[in-house]
Amino acid sequence: GSVPFLVSTTCGTTVLGAFDPLPDIAEVCEQHGIWLHVDAAWGGSALLSNRHRHLLNGIERANSVTWNPHKLLGAGLQCSAFLLQDTTGLLERCHAANAVYLFQTDKFYSQKFDTGDKSIQCGRRVDCLKLWLMWKALGTKGLEKRVDTIFENARYLAEEIKRREGYLLLMEPEFVNVCFWYVPPSLRHQEESPNFWDKLGKISPIVKERMMKKGSMMVGYQPHGNRVNFFRQIVVNPEVTKEDLDFFLDEIERLAEDL
């Protein structure tokens, strides 16, 4: 019996890097007068790449968008943007407390410079300065190259995983999240055995522990739905090379050779 007023979509989910079909969802929202929000905190930076911006087709129809340049672009933490189509001062109307001890109305300069009462958080760091400085230093082409390099590294890693024995790709990456299992020698060719997946789910935590204690590298792992623990590699450092990615896969093999 409730009336929906908002649809929240995601462009770049945390684990799999999935993108919702924005044009189809926007069509429904516009038909029924429903607010469309896009959580593009992770995937929004793909807009800076002419080659990959198609992943966010339809985002221009959203009423609001979340974007975190500190994630894919590597801006200094924290750097988050909340973007609105509305230009009527909606945030100010919703959040302004008009606290006289902070925002006096009789000061000598214009009140338009007091932005704190117009935001969701009154006191916060100037996130936009970090993005501006990075954009000024690298330029639009530089940021595009940074995004394209991340995609290229993800594609290279996925192809290497498909080529090497013992590696299982969870899915073809839609974005830059490369999710995979490593099957050590003792478990290979046993996919049909009843305990295979239970045993495989224990491999990632052991390898993670070993790489941390050795101090050679770091990578995340987790289960997802009915899938047992798998590695999730996301390389956003633009200085990473293909040799680094080769080392990453070689090191997993070395750390798991006795498992």
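Quantities reported herein were computed from a predicted structural model and do not represent experimental measurements.

Engineer: Pulling in residues and values, what's your account of the sheet that holds strand β6 (residues 178-182)?
Structural biologist: With respect to topology, four strands assemble into an open sheet ordered β5-β6-β8-β7, the strand pairing being antiparallel. What marks the edges here is a single partner per strand, and that holds for β5 (167-169) and β7 (220-224). Each strand of the sheet is rotated relative to its neighbour by a mean of 40°, with strand direction disregarded. As judged from the four bridges shared by β7 and strand β8 (residues 227-233), these two strands associate in the antiparallel manner. Paired with G220 across the bridge in β8 is R232. Against the sheet, helix α5 (residues 203-214) engages β6, β7 and β8, with an angle of about 35° to β8.

Engineer: Explain unusual backbone geometry residue by residue, including any values.
Structural biologist: A cis amide bond, omega -10°, links L77 with the succeeding residue Q78. Secondary-structure assignment places Q78 in the loop between β3 (64-67) and β4 (81-84). In this structure, N98 is a non-glycine residue whose phi angle is positive, near 55°. On the accessibility criterion, N98 (58% relative accessible area) is exposed. A positive phi is found at H189, a non-glycine position, where the angle reads about 65°. Inspection of the secondary structure puts H189 in the loop between β6 and α4 (196-200).

Engineer: Describe in detail the layout of surface pockets, supporting the description with residues and values.
Structural biologist: Considered as a void within the structure, the largest pocket measures approximately 800 Å³ in volume. Around the largest pocket, the lining comprises 27 residues; the ones closest to its centre are F82, L91, K118, S119 and R124. Going through the elements one at a time, β4, α2 (90-95) and α3 (127-163) are the ones with two or more residues in the lining of the largest pocket. With four residues, β4 is the largest single contributor of residues to the lining of the largest pocket. The residue inventory of the lining of the largest pocket, partitioned by class, reads 13 nonpolar, eight polar and six charged.

Engineer: A description of the side chain of H52 should follow, citing residues and the corresponding values.
Structural biologist: Looking at where H52 falls in the secondary structure, it is placed in the loop between β2 (35-39) and β3. Excluding residues that lie within four positions of it along the chain, H52 makes contacts with A46, D148 and F151.

Here is what the cut-offs are and how they apply
- Residues numbered from 1 in each chain as written.
- Predicted model: local features only at pLDDT ≥ 70, side-chain atom pairs only at ≥ 80, totals over all residues.
- Heavy atoms only, no water.
- Pairing = 2+ DSSP bridges.
- Helix = DSSP H or I, 4+ residues; strand = E, 2+ residues; numbered from the N terminus.
- Axes fitted to C-alpha atoms, helices over the stretch in contact; angles between N-to-C directions.
- Contact = heavy atoms within 4.5 Å.
- Buried < 20%, exposed > 50% of the residue type's maximum accessible area, 1.4 Å probe, protein only.
- 1 Å grid on protein atoms, 1.4 Å probe; cavity = no way out; pocket = protein on both sides within 12 Å on 5 of 7 lines; lining within 4 Å.
- Points joined across faces, edges and corners; volume = space filled by probe spheres on them.
- Nonpolar A, V, L, I, M, F, W, Y, C, P; charged D, E, K, R; others polar.

Interpretation in functional terms is not warranted from these geometric data alone.
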